[in-house]
Number of protein chains: 2
Amino acid sequence: MVVNKKIISRFSQYRKALIRFQELGMVKVFSDTLAEAVGVTSAQVRKDFSLYGISGNKRGGYQINGLLDELQAILGKDKIQKVIVSGCGNIGRALIRYTGFEPERIQIVAGFDDDPSKQGRIDALPILPLDAMKDFVSRNRIQIGIIAVPDSAAQPVCDTMVAAGIRGILNFAPIRLKAPDEVVINNVYLQMELENVIYFVNALTKKPRR
Amino acid sequence: MVVNKKIISRFSQYRKALIRFQELGMVKVFSDTLAEAVGVTSAQVRKDFSLYGISGNKRGGYQINGLLDELQAILGKDKIQKVIVSGCGNIGRALIRYTGFEPERIQIVAGFDDDPSKQGRIDALPILPLDAMKDFVSRNRIQIGIIAVPDSAAQPVCDTMVAAGIRGILNFAPIRLKAPDEVVINNVYLQMELENVIYFVNALTKKPRR
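Caption draft 1: Main features of the relation of the copies chain B and chain A. Superposing chain B onto chain A takes a rotation of 180° plus a shift of 0.0 Å along the axis, which leaves an RMSD of 0.0 Å. The two molecules are tied by a two-fold rotation axis, judged by turn and shift. In terms of proximity to the rotation axis, the leading residue of chain B is Ala 94 of chain B, whose C-alpha is 3.1 Å off the axis. Interface residue correspondence from chain B to chain A reaches 100%, placing this contact among same-surface, isologous pairings.

Printed below as a string of structure tokens:
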């Protein structure tokens, strides 16, 4: 299953707007205020929330506190999310040292690499061989994995992750992975992201021929 | 300007399909064959191509050779694209060493960082202070830059890039950059990509409440 990014993006924006409202001292909010802050219709807000059984009060709107708790749970921010990384080369190492995950309650707890020269530790993090993954994942009840291996190794690593019990994968290898449909896969193709920029700069420079 | 990824994605897929057709020994292709390979309608194919003044022949379709040349130019693959990276910490360093750009004719030609301990060279690549950017960019006619600095430094770095003449930016800092509308910006928010995966795994585990 490839993720539909629009839904998560909206929930994430609702959460950020609510945190801002709370900082401003607000206690309650109406769907149209929230809708305006996020740039959607109030009908969309109510529809998104009702999907999770969250309903406001016609007169008083939503209680911000309670709504935030619900959104935190929906977004998986009510607890720390443990993540493993497979492939401890350049990209994997950068992700392991990336400081942007911790504020979002995401914690990388181990790296995996079959290159013995990469095993051991990166900072305090254990780097283990791939055949230790299944045991580690089940012992630590981990559901999320990152793939940062070269493309030729990506499918076998994906298979190992799925067999180990991983249910969601962030994939940086420039291939389309095959996995059971209940496994969530989100692809970040770095070269394609850069190609996008190059294309649009070109398109703006050389005008279409008519 | 934030990029619309759908157009580039289609052109990129047309190109890949045409390369496959060529490898199969084909010389000409009809819009409906190409459409089927890419999963769009043949009207969409003709519309996309006509925007660039490319038209097929009703009887013979498109010449694959000529069409590929046109697409290479549209996608900026008719020449090597030189790119600079600002921020040579974990993510910047990983991008500098990333091997996936070269096959796409993308070449990182310099890094910039104001931390003297990071200046000098990474492998063969020069790492320069930020105030050397303007001169370097104009001397080497560079249009594309990558931002891989912490969020607090991202806006000033963006301003420096724009002042230096950079026209397209791939941004990894988790903020929304402000730039003139003619500057192309593509954001890759790593934590949000991982949050997407976590959200969908949660959503599949805990069913919505009704």
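Caption draft 2: A look at the side chain of Glu 195 of chain B. Residue position: Glu 195 of chain B is located in helix 8 (residues 190–205). Residue classification places Glu 195 of chain B among the buried positions, given a relative accessible area of 8%. Of the polar contacts made by the side chain of Glu 195 of chain B, one reaches the side chain of Lys 77 of chain A; its length is 3.1 Å. The residues contacting Glu 195 of chain B, other than those within four sequence positions of it, are Ile 8, Ser 12, Lys 77, Glu 104 and Ile 106 of chain A.

Caption draft 3: Representation of the pairing of strand 9 (residues 184–187) of chain B within the structure. All names here are of chain B. The alternating pattern of strand 9 places Val 184 and Asn 186 and Ile 185 and Asn 187 on opposite faces, both of which are buried. Bridge count between strand 8 (residues 168–171) and strand 9: four bridges; the pairing is parallel. What sits directly across from Gly 168, in strand 9, is Val 184.

Caption draft 4: Seen up close, the domain arrangement of chain A. Domain boundaries in chain A define domain 1 (5–74) and domain 2 (81–193). A C-alpha centroid distance of 32 Å is found between domain 1 of chain A and domain 2 of chain A.

Caption draft 5: Region of the structure containing the packing of helix 5 (residues 90–97) of chain A against helix 5 (residues 90–97) of chain B. Running from N to C, helix 5 of chain A and helix 5 of chain B cross one another at 175°; their axes reach a closest spacing of 8 Å. In terms of axis orientation, helix 5 of chain A runs roughly antiparallel to helix 5 of chain B. Facing Asn 90, Ile 91, Ala 94 and Arg 97 of chain A of helix 5 of chain A, the residues of helix 5 of chain B in contact are Asn 90, Ile 91, Ala 94 and Arg 97 of chain B. Tallied by class, the residues present in the contact of helix 5 of chain A with helix 5 of chain B amount to four nonpolar, two polar and two charged.

Caption draft 6: Inspection of the interface of chain B and chain A at higher detail. Chain B puts 65 residues into the contact, and the matching count from chain A is 65 residues. Viewed at the interface, chain A and chain B are joined by two salt bridges. Put simply, Glu 195 of chain A and Lys 77 of chain B hold a salt bridge, and the shortest N to O gap is 3.1 Å. Remark: the boundary between chain B and chain A carries 10 residue pairs in polar contact (both at pLDDT 80 or more).

Caption draft 7: Structural view of the nonpolar core. The biggest cluster of nonpolar side chains holds 99 residues, and the ones touching the most others in it are Phe 49 of chain A together with Phe 49 of chain B. Top element by residues in this core is helix 8 of chain B. It accounts for eight residues. Not counting chain neighbours up to four residues away, the residues in contact with Phe 49 of chain B comprise Phe 11, Tyr 14, Leu 34, Ile 54, Tyr 62, Leu 67 and Leu 71 of chain B.

Definitions and limits used
- Residues numbered from 1 in each chain as written.
- Chains lettered and ligands numbered in written order.
- Predicted model: local features only at pLDDT ≥ 70, side-chain atom pairs only at ≥ 80, totals over all residues.
- Heavy atoms only, no water.
- Least-squares fit on C-alpha atoms with pLDDT ≥ 70 in both.
- Contact = heavy atoms within 4.5 Å.
- Helix = DSSP H or I, 4+ residues; strand = E, 2+ residues; numbered from the N terminus.
- Buried < 20%, exposed > 50% of the residue type's maximum accessible area, 1.4 Å probe, protein only.
- Polar contact = N/O pair within 3.5 Å; in protein donor to acceptor, adjacent residues only side chain to side chain.
- Pairing = 2+ DSSP bridges.
- Domains from an automatic or database assignment.
- Axes fitted to C-alpha atoms, helices over the stretch in contact; angles between N-to-C directions.
- Parallel < 35°, antiparallel > 145°, perpendicular 65-115°, else oblique.
- Nonpolar A, V, L, I, M, F, W, Y, C, P; charged D, E, K, R; others polar.
- Salt bridge = Lys/Arg side-chain N within 4 Å of Asp/Glu carboxyl O.
- Core = buried A, V, L, I, M, F, W, Y, C linked by side-chain atoms within 4.5 Å.

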